[in-house]
Amino acid sequence: MVGERLTDRLADFLARVSGAGEVHFVSAPGAAWLGYATDAIGRGGDLLALVAMEDREAVRAALRRAGKQGRQALNAGLLRADGAAVAATCRILDLAGGDRAELLFAAWAIGGTESAPSFPAAREFPVDGITGLPTRPWLLEVLERLTRREDAPGGGFALMHLDLDGFQKVNDALGHAAGDHLLAEAAARLVATLRATDMVIRSGSDEFALILPDAASLDAVAPVARKIHSAMQRPFILAGSHLHLSASIGIALYPEHAGDGRQLFRCADIALTAAKHAGRNRWSVYRSEGGEESSRRLVLEEQMYDAIQNGEFEMHYQPICRTGSREMEGFEALMRWHRPGHGAVSPAEFIPLAESNGLIDYLGNWSLRAGCHQVARWNATWNAHLRISVNLSPTQFHQGDIVAKVREALRESGLPARLLSLEITEGTLMRDPDATQAVLNELRGLGVSISVDDFGTGYSSLAYLKRFPLSCLKIDHSFVRDLEGDANGLVIVSAILGLARELGLQVVAEGVERESQLGMLADKGCDLAQGYLLGRPLAAAEVTERVERGEWRVAA
Ligand code: C2E
Ligand code: MG
Ligand code: MG
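Right, let's walk through the structure included here.

Quick word on the coordination of the magnesium ion (ligand 2)
Right, so step 1: Within the protein, the atoms that donate to the magnesium ion (ligand 2) are Glu332 (OE), Asn391 (OD1), Glu423 (OE) and Asp453 (OD), at distances of 1.9 to 2.2 Å.
Right, so step 2: Site description for the magnesium ion (ligand 2): donor spacing in sequence, E-x58-N-x31-E-x29-D.
Right, so step 3: In this structure the magnesium ion (ligand 3) is found 4.0 Å away from the magnesium ion (ligand 2), and Asp453 serves as a bridging donor for the pair. Within this pair, whereas Asn391 is found in strand 18 (residues 387–391), its partner Glu423 is found in strand 19 (residues 420–425), the two being separated by 32 residues in sequence.
Right, so step 4: Given a relative accessible area of 1%, Glu423 falls into the buried group.

Here we look at the environment of Glu329
Right, so step 1: When you line up the elements, Glu329 lands in strand 16 (residues 328–339).
Right, so step 2: Through-space distance from the C-alpha of Glu329 to that of Arg553 is 9.3 Å; in sequence the pair is 224 residues apart.

Thoughts on the pairing of strand 10 (residues 207–212)
Right, so step 1: Taking burial as the measure, the six residues of strand 10 include six buried ones, the bulk of the element.
Right, so step 2: Taking every second residue as pointing to the same face, both faces of strand 10 are buried, with Glu207, Ala209 and Ile211 on one and Phe208, Leu210 and Leu212 on the other.
Right, so step 3: Of the pairings in the sheet, the one linking strand 8 (residues 157–165) to strand 10 comprises six bridges and is antiparallel in character. Pairing of His161 across the sheet is with Ala209, part of strand 10.
Right, so step 4: Where strand 9 (residues 199–204) lies against strand 10, five bridges are found, and the strand directions are antiparallel. Bridge pairing links Gly204 to Glu207 in strand 10.
Right, so step 5: Where strand 9 folds back on strand 10, the antiparallel hairpin that results is connected by two residues.

Analysis parameters
Residues numbered from 1 in each chain as written. Chains lettered and ligands numbered in written order. Predicted model: local features only at pLDDT ≥ 70, side-chain atom pairs only at ≥ 80, totals over all residues. Heavy atoms only, no water. Donors = N, O, S within 2.8 Å, 3.2 Å for Na, K, Ca; no water. Helix = DSSP H or I, 4+ residues; strand = E, 2+ residues; numbered from the N terminus. Buried < 20%, exposed > 50% of the residue type's maximum accessible area, 1.4 Å probe, protein only. Pairing = 2+ DSSP bridges.

Next up, the structure:
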């Protein structure tokens, strides 16, 4: 059965059609594959006229169902210009949602075609449901193969990494259906702009990777970049209105910039970052003399893969204590990377890198599981009810499977849900308020609580603070540091405490280093605090020692 997984190829045929099969758009390579000029079956044509007679009814029914029930899959014969039928696996996706069906029709030849790129073997990889494009795992596989060069003829190629500027704003403002529509349209434009032998991959939420097998030099790649750039600048028409997006593109060349696929991908990513920093809406080519900053980043990103295998990551636990009695209520789990020969790398540095190289998923889930396990063990040993606070990065939170991961971590550790708190920042909360609320509700449904980390440093709307099911605000270090001397720190901390009281939220003060700070916090009615004064983050074994020596006391 054809399900979520399809073949490894970009669809041979890609069209956008109405629920009745009226063609709105056909990709040029798709039309060429069947032997037609794009104009011949472009706007206004009938998709069903391209379907073999015996399969027409089935396709018609699938189109109708797609608008109501979502994605459909079936096999059907497609008619070539010369009259021959090609057996194809077809998928139909609803791009618009609701009643005005706007469908994406994608087809893959069964058994291969001449136009299919020769490199990647027919293996099963997930295909992105919105654009019909292959996704990141496929990209890495193709890069790996192209740089091994056993099956492909010699010669280099270009890798482009493209990011849609301003996509997130559209998505937040107009909703997911509109966002999905834009992505599908952007994907279709990319496919239409490139040659059949080029590859387009959806590499991230609003990111695409393009592999151009024949463009190994700057001279060859520049005209393509210009073409893509202008294709993306044409207005996107969404619900009748014109919308302007643009694209930032990072380009890396093989073998000039890197000798292996993973490294090449980093280079393209670094070039993309440079394009964005230079003001977006432009393309930039990787420069190896990109400064120490980016080469350190490259080295760290690369080493992270090995570091995981070598066990260089470790969890540390920092006590969260009552301001009055100084007894511990729980811990915050903080990740550490001990890089041999270089000491510890701060999570403030490596977490953002892990977000961009895809390892956050692995590391974040590990920190969640490790934290739950460790505290469940301590609670059993000490007959206590200590809580654990785990940080979630924006990517982790918005990835879609966070609820399942939390549920699994609780199940396998046996930790009661009420003892787990998840820390997210204001930026994470505000990124997509509707989606955020849905996830938060589900997490609350599990019984876990939510803390807002570094509160006061980001932007969050007070209305949302009230609307979201939150339990705790963590006052950022910077305000605690400013408690003494100049009066502003005190004013801000008092205001946050007042706000929290109104909203029925707990408060933890972060970064408490001095007795005087702790005293002021306790006076102002802040019940919980965390900081070097009360205890530094330590490895689990050291925490156990402190508790057993009576240096750190567990709250009853
Ligand atoms: P955060 O969640 O705000 O963590 C508190 C940071 O303050 C920690 O830095 C902690 O070591 C530090 N700190 C604690 N007490 C004091 C103090 O008295 N004075 C000062 N100056 N600093 C104090 P750390 O461990 O370097 O972590 C930095 C950030 O990295 C964290 O900020 C968190 O956002 C992120 N992070 C750490 N572990 C993880 C993790 O497992 N997953 C994710 N997604 N992010 C993590
Ligand atoms: Mg935190
Ligand atoms: Mg914090």
